[in-house]
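Summary of structural features
Residues per chain are reported as follows:
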Amino acid sequence: GENVEQHPSTLSVQEGDSAVIKCTYSDSASNYFPWYKQELGKRPQLIIDIRSNVGEKKDQRIAVTLNKTAKHFSLHITETQPEDSAVYFCAARGWGYNTDKLIFGTGTRLQVFP
Amino acid sequence: KAGVTQTPRYLIKTRGQQVTLSCSPISGHRSVSWYQQTPGQGLQFLFEYFSETQRNKGNFPGRFSGRQFSNSRSEMNVSTLELGDSALYLCASSSLAGGYNEQFFGPGTRLTVL
């Protein structure tokens, strides 16, 4: 079945450094890749997404890259701040009735130390 | 617009009992998905409903079931509860199903099975 692997499970960085989270997916029909941020005790919220016809997308300090050939996508956060501390989830969605469920990775706990 | 709401927010049940969780989507949203969140497992997809029909299903036993009403509100039922069912149950709504539609999450229902 569909599977999304996410690494690392935990990531600690100093404020101002960059953070990179990587995901791989198994379903080659996947064409939508969102990233969600979940702060402690809060609901997951979409922070950025990318479609399969785009290789890279940027929004201020966050960017996502996609390599469809390798079935690999990554989240890049630059100039990290303490408020970036949270759990980040990647996800992938296929296409078609009964095959387009959103499958999530297991999450990365990011800690940004001042 | 009001966000996705879930009731109850907390539940304590004993093994063998059954439980019903409720999710009210954002007004106008017709798709509701359910996820189980446990530490280390991330968000695992349970099922998705669109226009009162289940259009996607995850790999959970038949004890987990759901339905959607004509006003798009959805309920999830778990029968014969097991200790391993203890988790945060999240629902998410989107305007349409599949595609590039963003999912908006509710605050979750934390279920504890004793």
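Every chain begins its residue count from 1, and numbering advances along the sequence as written. Labels are handed out in written order, letters beginning with A for the chains and numbers beginning with 1 for the ligands. A pLDDT threshold of at least 70 governs which residues receive local features in this predicted model, and a stricter bar of 80 or more applies before side-chain atom pairs are shown or counted, although totals over entire chains, interfaces and linings include all residues. Computation of side-chain values: all heavy atoms of the structure, hydrogens and water removed.

**Digging into the overall build of chain B**
- Put simply, DSSP H or I for four residues or longer makes a helix, DSSP E for two residues or longer makes a strand, and each gets a number counted from the N terminus. On a plain count of helices and strands, chain B comes out with zero helices and eleven strands.
- What you see in chain B, going N to C, is helices and strands ordered as β-β-β-β-β-β-β-β-β-β-β.
- Relative to a compact globule of 114 residues, whose C-alpha radius of gyration would be 13 Å, chain B shows 13 Å and is just as compact.
- With the C-alpha coordinates aligned to their principal axes, the bounding extent of chain B is approximately 35 × 30 × 25 Å.
- Out of the 114 residues in chain B, the part that is buried amounts to 53%.
- Here, two residues are considered to be in contact whenever any of their heavy atoms come within 4.5 Å of each other. The contacts in chain B between residues at least 6 apart in sequence include a share of 56% that link residues at least 24 apart.
- Shrake-Rupley sampling with a 1.4 Å probe provides the accessible areas, and residues are treated as covered by the protein chains on show and by no other component. As presented, chain B carries roughly 5100 Å² of accessible surface, and 49% of it is formed by carbon and sulfur atoms. The globule rule used here is 2.2 Å times the number of residues to the 0.38 power, and the radius of gyration it is set against is calculated over C-alpha atoms. Accessible area is worked out with a 1.4 Å probe on protein chains only. A residue is then buried under 20% of its type maximum, exposed over 50%, and partly exposed in between.

**Topic: the environment of alanine 92 of chain A**
Residues and elements named next belong to chain A.
- Locating alanine 92 in the fold gives a position in strand S9 (residues 86-93).
- Once the C-alpha coordinates of alanine 92 and proline 34 are considered, the two residues, 58 residues apart in sequence, prove to be 6.8 Å apart.
- Every residue in contact with alanine 92, bar those within four places of it in the chain, is listed here: Val4, Tyr25, Ser30, Tyr32, Phe33, Pro34, Lys101, Leu102 and Ile103.

**Quick notes on the sheet that holds strand S7 (residues 62-67) of chain A**
All names here are of chain A.
- At least two DSSP bridges between two strands are required for those strands to pair. The five strands are arranged S1-S3-S8-S7-S6 in an open sheet whose pairing can be described as antiparallel. Each end of this open sheet is capped by a strand with a single partner; those strands are strand S1 (4-7) and strand S6 (56-59). Taken pair by pair, the neighbouring strands of this sheet meet at an average axis angle of 15 degrees, ignoring direction.
- Relative to S7, S6 runs antiparallel, the two being bridged by four bridges. For helices, the fitted line uses only the C-alpha atoms of the stretch in contact; every axis is such a line through C-alpha atoms, and the angle between N-to-C directions lies from 0 to 180 degrees.

**A few points about the pattern of salt bridges**
- Between Lys or Arg on one side and Asp or Glu on the other, a salt bridge is scored when a side-chain nitrogen of the former is within 4 Å of a carboxyl oxygen of the latter. Under the counting rule described, the total for this entry stands at nine salt bridges over all chains.
- Aspartate 49 of chain A is paired through a salt bridge with lysine 57 of chain A; the nearest N and O atoms lie 2.9 Å apart.
- Take lysine 57 of chain A: its relative accessible area is 35%, and that puts it in the partly exposed class.
- With its nearest N and O atoms 3.6 Å apart, the salt bridge here joins arginine 63 of chain B to glutamate 82 of chain B. One end of the pair, arginine 63 of chain B, is in the loop between strand S6 (53-57) and strand S7 (64-68); the other, glutamate 82 of chain B, is in the loop between strand S8 (74-78) and strand S9 (87-94), with 19 residues separating them in the sequence.
- Using a relative accessible area of 16% as the deciding quantity, one classes arginine 63 of chain B as buried.
- Here glutamate 82 of chain B falls in the partly exposed class, since its relative accessible area comes to 42%.
- Residues participating in the shared-partner salt-bridge network are Asp100 of chain A together with Glu48 and Arg55 of chain B.

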